[in-house]
Amino acid sequence: MTEILGLDPFLLTIACIAFVIAGFVKGLVGFGLPAIGLGLMTVFVGVEKAMVLVLWPAFLTNAWQGLSGGYLRPLVTRLWPFLTTAVLALGVGTFVLTQVPEGAADLILGLLMVAYAVPMLAGLSLSLKEKNIMPVGIVAGLLNGVFSGLTGAFTVPGVMYLQALGLRRDELIQAMGLLFLLSTTALGVSLGGFGLMSGREALASVVLIAPALSGVWFGQRIRRQVSETAFRRLILIAIFGLGVYLVPLGLWRLF
């Protein structure tokens with residue numbers, strides 16, 4: 001199998017471990033698989049190949065998360081401007097990816113995550129009035145799409161926007177899943193359009209579905225045992241942790 005994938009046994013083992021970890025974080029807080037999977041695998045295969053490796057595990061785990069939960073219709077009705085702009089803007093980010101120095105996007109994304117999480121963990125609370133949900137959603141969608149195409153991570157500022165809507169835990173999990181599912185689909189199309197999709201990495205991505213799903217399953221079991229308040233704090237801690245992880249990674253890749 002490793003010959004078919006073009007991966008040596010050590011690299012395949014590392015990839016499986018990375019996606020179990022990434023899947024666990026996603027199962028626990030609802031996001032983090034692309035950022036963690038990309039961050040770990042970029043060290044070994046480079047950012048463009050790592051983005052392809054993430055596609056199938058991200059797509060299937062996001063489909064699981066976004067299409068189950070019972071809130072699909074009300075969420076789509078409320079969030080369609082945000083979701084639409086997030087998808088349409090993603091191609092712009094993928095184009096920028098081919099132009100900017102490697103690591104710049106990770107550095108910016110990490111700094112934004114830290115800047116958001118620190119005041120929120122300190123007690124700041126963000127909320128949106130009903131009249132502002134659509135215009136803020138359009139802006140958040142545009143920015144989220146650009147960052148998604150640039151980094152392969154779909155979190156900023158989309159998760160922050162969804163948190164500001166005051167959604168309950170299960171609604172928030174499904175809303176994030178919808179955003180990630182649509183973004184993953186658009187990213188696959190965009191990577192193919194820019195010639196960044198190779199058959200070898202695409203096949204390896206399919207193999208990595210199993211470890212990713214096993215991690216998600218375990219993370220979900222842990223999530224069901226925490227309270228609503230603890231869950232929201234877990235999300236902020238995860239955002240902060242991803243930011244702290246991405247900043248040095250971006251600096252290392254830049255210099």
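Residues numbered from 1 in each chain as written. Predicted model: local features only at pLDDT ≥ 70, side-chain atom pairs only at ≥ 80, totals over all residues. Heavy atoms only, no water.

On to the overall build of the protein. Of regular secondary structure, the protein possesses 13 helices and zero strands. Counting helices and strands in the order they occur from the N terminus, the protein gives α-α-α-α-α-α-α-α-α-α-α-α-α. Per-residue burial for the protein yields a buried fraction of 53% across its 255 residues. Put simply, of all contacts in the protein between residues at least 6 apart along the chain, 85% involve residues at least 24 apart. (Helix = DSSP H or I, 4+ residues; strand = E, 2+ residues; numbered from the N terminus. Buried < 20%, exposed > 50% of the residue type's maximum accessible area, 1.4 Å probe, protein only. Contact = heavy atoms within 4.5 Å.)

All right, on to the packing of aromatic side chains then. Throughout the structure, instances matching the rule amount to four aromatic pairs. Both rings, one in Trp 56 and one in Phe 59, keep their centres 5.7 Å apart while their planes meet at 85°; by these two values the pair is edge-to-face. Here Trp 56 and its partner Phe 59 are both found in helix H4 (residues 47-67), three residues apart, which amounts to about one turn of the helix. Relative accessible area serves as the criterion here: at 40%, Trp 56 is assigned to the partly exposed category. Positioned above the aromatic ring of Phe 231, the side-chain terminus of Arg 169 is 5.8 Å from the ring centre. (Phe/Tyr/Trp six-rings, centres within 6.5 Å; stacked < 30°, edge-to-face > 60°. Lys NZ or Arg CZ within 6 Å of the ring centre and 35° of its normal.)

Looking at where Thr 155 falls in the secondary structure, it is placed in the loop between helix H8 (133-151) and helix H9 (158-164). In this view, Thr 155 contacts Phe 31, Met 113, Asn 144 and Met 160; residues no more than four positions away in its chain are not counted.

Okay, the side chain of Gln 163 next. With respect to the secondary-structure elements, Gln 163 resides in helix H9. Beyond its immediate sequence surroundings of up to four residues, Gln 163 is in contact with Tyr 116, Leu 172, Arg 232, Ile 235, Leu 236 and Ile 239.

On to the pattern of salt bridges. Enumeration over the complete set of coordinates arrives at three salt bridges. A salt bridge links Glu 130 to Arg 78; the nearest nitrogen and oxygen atoms lie 4.0 Å apart. Of this pair, Glu 130 sits in the loop between helix H7 (104-121) and H8 while Arg 78 sits in helix H5 (residues 72-88), placing them 52 residues apart in sequence. With relative accessibility at 32%, the residue Arg 78 sits in the partly exposed group. Linking Glu 228 and Arg 232 is a salt bridge whose minimum nitrogen-to-oxygen distance equals 3.6 Å. Of the two residues, Glu 228 and Arg 232 are both situated in helix H13 (residues 228-254); the distance of four residues between them amounts to about one turn of the helix. Taking relative accessible area as the criterion, Arg 232 reaches 24% and is therefore assigned partly exposed. (Salt bridge = Lys/Arg side-chain N within 4 Å of Asp/Glu carboxyl O.)

This paragraph deals with the packing of helix H3 (residues 33-45) against H13. It is the contact of H3 with H13, at a shortest axis distance of 11 Å, that shows an interaxial angle of 30°. In terms of their interaxial angle, H3 and H13 are classed as roughly parallel. Crossing of H3 against H13: the hand is left-handed. For the pair H3 and H13, the contacting residues are Ala 35, Ile 36, Gly 39, Leu 40, Thr 42 and Val 43 in the first and Leu 242, Tyr 245, Leu 249, Trp 252 and Arg 253 in the second. (Axes fitted to C-alpha atoms, helices over the stretch in contact; angles between N-to-C directions. Parallel < 35°, antiparallel > 145°, perpendicular 65-115°, else oblique. Left-handed = near helix turned anticlockwise from the far one by under 90°.)

We now examine helix H6 (residues 90-97). Those residues of H6 not exposed but buried are Leu 90, Gly 93, Thr 94 and Leu 97. The buried residues of H6 all sit within an arc of 100° when viewed along its axis, so they share a single face. (Arc of directions from axis to C-beta.)

Time to look at the confidence of the model for the protein. For residues with low pLDDT, the predicted coordinates do not support detailed interpretation. Averaged over every residue, the pLDDT of the protein is 85; residues scoring 70 or more account for 94%. Here helix H1 (residues 2-5) is the element of the protein with the lowest mean pLDDT, 45, and H5 is the one with the highest, 95. Here residues 1-5 is a poorly scored stretch, pLDDT under 50, and it has 13 contacts once near neighbours within four places are set aside; other chains count. (pLDDT = per-residue confidence, 0-100.)

Turning our eyes to something else, we now look at the environment of Trp 217. Within the element layout of this structure, Trp 217 appears in helix H12 (residues 209-223). Separated by 197 residues in the primary sequence, Trp 217 and Val 20 place their C-alpha atoms 9.9 Å from one another.

Put simply, H5 and H8 touch, their axes get as near as 7 Å, and they point 25° apart. With respect to each other, H5 and H8 are oriented roughly parallel. Considering only the axes of H5 and H8, their crossing is right-handed. Here Arg 78, Trp 80, Pro 81, Phe 82, Thr 85 and Ala 86 of H5 come into contact with H8, specifically with Ile 133, Met 134, Gly 137, Ile 138, Ala 140, Gly 141, Leu 142 and Gly 145. Class assignment for the residues of the contact of H5 with H8 results in nine nonpolar, four polar and one charged. (Nonpolar A, V, L, I, M, F, W, Y, C, P; charged D, E, K, R; others polar.)

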